[in-house]
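If you want the building blocks of each chain, they are given just below.
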Number of protein chains: 2
Amino acid sequence: MTAKADANLAAVVETTQGSYRVVVGQGIVESLPEEFEKAGISGRAFLIADEALFPVAVRRVQETLEAAGVVTHVMTLHAGEQAKNLETLSYVYDWLADLRGERGDTLISLGGGVMGDLVGFAAATWLRGVAFVQIPTTLAAMVDASLGGKTAINLPTGKNLVGAFHQPRLVLSDLDLLATLPERELRSGWAEAIKHGLILDNQLLEDIEANSDSLISLEGEKTAEIIRRSVAIKADVVSADEFERGETRILLNYGHTIGHAIEASTSYGTFLHGEAVAIGMMAAGRISVELGLISEEILKRQHATLTRFGLPTLAPGLDTTELIERTKSDKKSRGGAVQWVLLDGPGHATIRRDVPEQLVRSIVDDLIGA
Amino acid sequence: MTAKADANLAAVVETTQGSYRVVVGQGIVESLPEEFEKAGISGRAFLIADEALFPVAVRRVQETLEAAGVVTHVMTLHAGEQAKNLETLSYVYDWLADLRGERGDTLISLGGGVMGDLVGFAAATWLRGVAFVQIPTTLAAMVDASLGGKTAINLPTGKNLVGAFHQPRLVLSDLDLLATLPERELRSGWAEAIKHGLILDNQLLEDIEANSDSLISLEGEKTAEIIRRSVAIKADVVSADEFERGETRILLNYGHTIGHAIEASTSYGTFLHGEAVAIGMMAAGRISVELGLISEEILKRQHATLTRFGLPTLAPGLDTTELIERTKSDKKSRGGAVQWVLLDGPGHATIRRDVPEQLVRSIVDDLIGA
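Small disclaimer: the values here were computed from a predicted structure and weren't measured.

Let us now look at unusual backbone geometry. At Asn160(A), a residue that is not glycine, the phi angle is positive and equals roughly 55°. Structurally, Asn160(A) can be placed in strand S8 (residues 158-165). What makes Asn160(A) partly exposed here is its relative accessible area of 23%. If you check the backbone angles, Leu218(B) has positive phi at about 55° while not being a glycine.

Right, dumping it as structure tokens:
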């Protein structure tokens, strides 16, 4: 068992709250009790699962833990972005209060990024913080959202305005859990892995390109390996900049300046997050070319890779002025100019605050087909 | 200015989130800008004040900051225990959202312990954590609640079930702000200072006894000095055990096992916190005598001191069985027997888990006059 578990180890993330293991593999839900022991987790488990999952998947997690003697309470929630709010959080608190959740107990999120944000925030704040375990069930959560300890809920006035940095004690990604994920969500998930390659690891990018067929069809070991390498990149970044105070973690925002603006201006209803980021990466890549940071060739390669994974690269019909304004409100919360993450080579990114608005405007015009 | 400010320094608390200064003195609100600078605080200030304070006190804080160029937004709240809930928190979040509070801004609590708990939790969670400053306006908050980074709100099912450890960047206690505090609350506040002497510093206890007249009448420099020494004791304890994982911080619970039970069984409506703790200290002191840990003399001395400060030492009419049951539900959340903090000398405390229920019952019977 130990040898197998270590083969699945993608990263050990170091944080001020302790270190945690991230394991990725196929059919590894059964190693949960072993991983709990390694993480020093005891007490009862409070498993909060996305109600859209097949009940058999939820039962598999619960029964694995119960068989190992871990008392496991289960609740299911609708895990949509609209439900990631104070009201749902209050519902989770009431459940924990009814069952008298204690300081030594553990909250487990079984779902995508939204679920992880909400359950993670509940874990950060219940009794001033209890242990938290992530079992992501979407590709986007496996390669990105489950790592780094950011938890949050939305307010009516904005996304993720309330939250905490609360590190998980374990992240366990079992590819089996992706089996029921809609294909569009799967494709969207690859956007963040491609992003990790583009900004920090050219070799990863090449391997994603060379194995695109296997990855799109979720072929087991190759897919697990690529996810592990993508996880390792994000793990390095968040270990180096746990509280997002430095510049390192900002690199992960490649494609997100325009991506967030697109999501907000379509009220999060038109594009999946990875799709909006793909379009945003095309904008940031084009800016990089125009500023002479990368060649046209590199941008074409980025375009080909995104297209290969069925990701959009244009956002027809949106409004340029609105998008530009939204990038500025991003700016305001950092007290300076818009911070653009740009490529300055394949596998290499840089931060620039001197991108002319005129240039951004003409590039966004092209993206929306104006 | 610097010499004066340092004379007011009660403690520098070391935490994983950085260190912070605790200053105590008379007429020191005006040193706020200087203390902000020392703490590295910039950005706007969001001042949340207890609506029971005189408007002139709130304006004094606001105008001091504004005069130093700190943009300061002010809101007042009803700061009762009943209002320390998700609904009030949500109201604070909406205010911050409307004013577009940013990561570099600071939340200031101007009020007692309840206000500090609520505003501290808002600061812990707004944008995943912003700077927090405590300006306590009750004696209990000055000597106790403002230190240690515990923040929380209540749920309908229990007190302080949701919260975070979020350290302040500065605690500034100006005795001027106590001028309007009701005498009963003032007396209640001394209970925690007396407790600090009893469990950890016999010299402090002796000085409190010797200066009781000056302290009760809030005579300036002597009062400030005693508060500083009480603060220094708590600061040592919370620095050594930031997250309440060890045994050190538990010592601060002297008098709280029965104290909390008394508060809960009277629905927090009969006794002030310090009053309930005073009665609880009499129970714990009596147990200490019966177990042969301290002499009857020491208990008499504790009784005399509490009485001198007008604190109650009996709780007539309560129900012994209910109180005992409530001490056990305290126990459950620590997965073992009831943890009693007992005296084993003046200025020295110890933790015992082997106190016979029979003994507790007969002592509580005496306290309630059964």
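The next subject is the sheet that holds strand S1 (residues 9-15) of chain B. Residues and elements named next belong to chain B. Spatially, the seven strands line up as an open sheet ordered S1-S2-S9-S6-S5-S3-S4, and their pairing is mixed. Of all strands in the sheet, those with a lone pairing partner are S1 and strand S4 (72-77), marking the two edges. If you compare each strand with its neighbour and ignore which way they point, the axes differ by 15° on average. Sheet topology places strand S6 (residues 131-136) next to strand S9 (residues 170-174); two bridges connect them, and they run parallel. Looking at S9, one finds that Gln 134 is bridged to Val 171. Seen against the sheet, helix H4 (residues 86-98) touches strand S3 (45-50), S4 and strand S5 (106-111) and runs at an angle of roughly 160° to S4.

Attention shifts here to the interface of chain B and chain A. Every contact between the two is made by 28 residues of chain B and, on the other side, 28 residues of chain A. Of the roughly 2,500 Å² buried at the junction of chain B and chain A (both faces included), carbon and sulfur atoms supply 57%. Inspection of the region where chain B meets chain A yields two salt bridges. Notably, a salt bridge pairs Arg103(A) with Glu244(B), separated by 2.9 Å at the nearest N-O pair. Scanning the region where chain B abuts chain A turns up eight residue pairs in polar contact (both at pLDDT 80 or more). Counting residues per element, the ones that place at least two in the side of chain B that touches chain A are H4, helix H5 (113-125), strand S7 (150-155) and strand S8 (158-165) of chain B. The biggest single contributor to the side of chain B that touches chain A is S8(B), with six residues. Class assignment for the residues of the side of chain B that touches chain A results in 14 nonpolar, seven polar and seven charged.

Time to look at the pairing of S7(B). All names here are of chain B. Taken across its six residues, S7 has five buried, putting it largely inside the fold. As defined by bridge partners, S7 adjoins S8 across five bridges and the pair is classed as antiparallel. Looking at the pairing, Ala 152 lines up with Gly 163 of S8. The antiparallel pairing of S7 with S8 creates a hairpin that spans two residues between the two strands.

With that settled, the discussion passes to the relation of the copies chain B and chain A. When chain B is fitted to chain A, the residual RMSD is 0.0 Å, and the transformation amounts to a turn of 180° plus an axial shift of 0.0 Å. Look at the turn and shift together and you get a two-fold axis relating the two. Most of the interface of chain B is mirrored in chain A, where 96% of its interface residues again form contacts.

Residues and elements named next belong to chain A. Taken as a whole, chain A is organised into domain 1 (3-180) and domain 2 (183-368). Taking only C-alpha atoms, the centre of domain 1 and the centre of domain 2 are 26 Å apart. The interface is formed by 28 residues belonging to domain 1 together with 25 residues belonging to domain 2. In total, domain 1 and domain 2 occlude about 2,300 Å² of area from one another, counting both sides; carbon and sulfur atoms represent 65% of this. On inspection of domain 1 and its partner domain 2, the count reaches two salt bridges. A salt bridge links Glu 244 to Lys 150, with the nearest nitrogen and oxygen atoms 3.1 Å apart. For the pair domain 1 and domain 2, the interface holds eight residue pairs in polar contact (both at pLDDT 80 or more). Taken together, the elements giving at least two residues each to the side of domain 1 that touches domain 2 come down to strand S1 (9-15), strand S2 (18-25), helix H6 (139-145) and S8. Sort the elements by how many residues they give to the side of domain 1 that touches domain 2 and S1 lands first, with six residues. Here the residues of the side of domain 1 that touches domain 2 are counted per class, giving 15 nonpolar, nine polar and four charged.

With that settled, the discussion passes to the packing of aromatic side chains. Residue and element names in this part refer to chain A. In total, this model carries eight aromatic pairs over all chains according to the counting rule given. Aromatic pair Phe 46 and Trp 95: ring centres 5.4 Å apart, planes at 90°, arrangement edge-to-face. Pair noted here: Phe 46 is in strand S3 (residues 45-50) and Trp 95 is in helix H4 (residues 86-98), with a separation of 49 residues, a long-range link. On the accessibility criterion, Phe 46 (1% relative accessible area) is buried. Residue Trp 95 is classed as buried on the basis of its relative accessible area, which comes to 14%.

As a further point, take the sheet that holds strand S4 (residues 72-77) of chain A. Residues and elements named next belong to chain A. The seven strands lie next to each other as S1-S2-S9-S6-S5-S3-S4, forming an open sheet whose pairing is mixed. Looking along the sheet, the strands with just one partner apiece sit at the ends: S1 and S4. Direction aside, the axes of adjacent strands within the sheet are offset by 15° on average. With five bridges joining them, S3 and strand S5 (residues 106-111) adopt parallel strand pairing. What sits directly across from Leu 47, in S5, is Ile 108. Where H4 meets the sheet, its contacts fall on S3, S4 and S5, and the angle it forms with S4 comes to roughly 160°. Helix H10 (residues 220-240) rests against S1 and S2 of the sheet, and its axis sits at about 10° to S1.

Criteria and cut-off values
Residues numbered from 1 in each chain as written. Chains lettered and ligands numbered in written order. Predicted model: local features only at pLDDT ≥ 70, side-chain atom pairs only at ≥ 80, totals over all residues. Heavy atoms only, no water. Helix = DSSP H or I, 4+ residues; strand = E, 2+ residues; numbered from the N terminus. Buried < 20%, exposed > 50% of the residue type's maximum accessible area, 1.4 Å probe, protein only. Pairing = 2+ DSSP bridges. Axes fitted to C-alpha atoms, helices over the stretch in contact; angles between N-to-C directions. Contact = heavy atoms within 4.5 Å. Buried area = accessible area lost by both parts, 1.4 Å probe. Salt bridge = Lys/Arg side-chain N within 4 Å of Asp/Glu carboxyl O. Polar contact = N/O pair within 3.5 Å; in protein donor to acceptor, adjacent residues only side chain to side chain. Nonpolar A, V, L, I, M, F, W, Y, C, P; charged D, E, K, R; others polar. Least-squares fit on C-alpha atoms with pLDDT ≥ 70 in both. Domains from an automatic or database assignment. Phe/Tyr/Trp six-rings, centres within 6.5 Å; stacked < 30°, edge-to-face > 60°.

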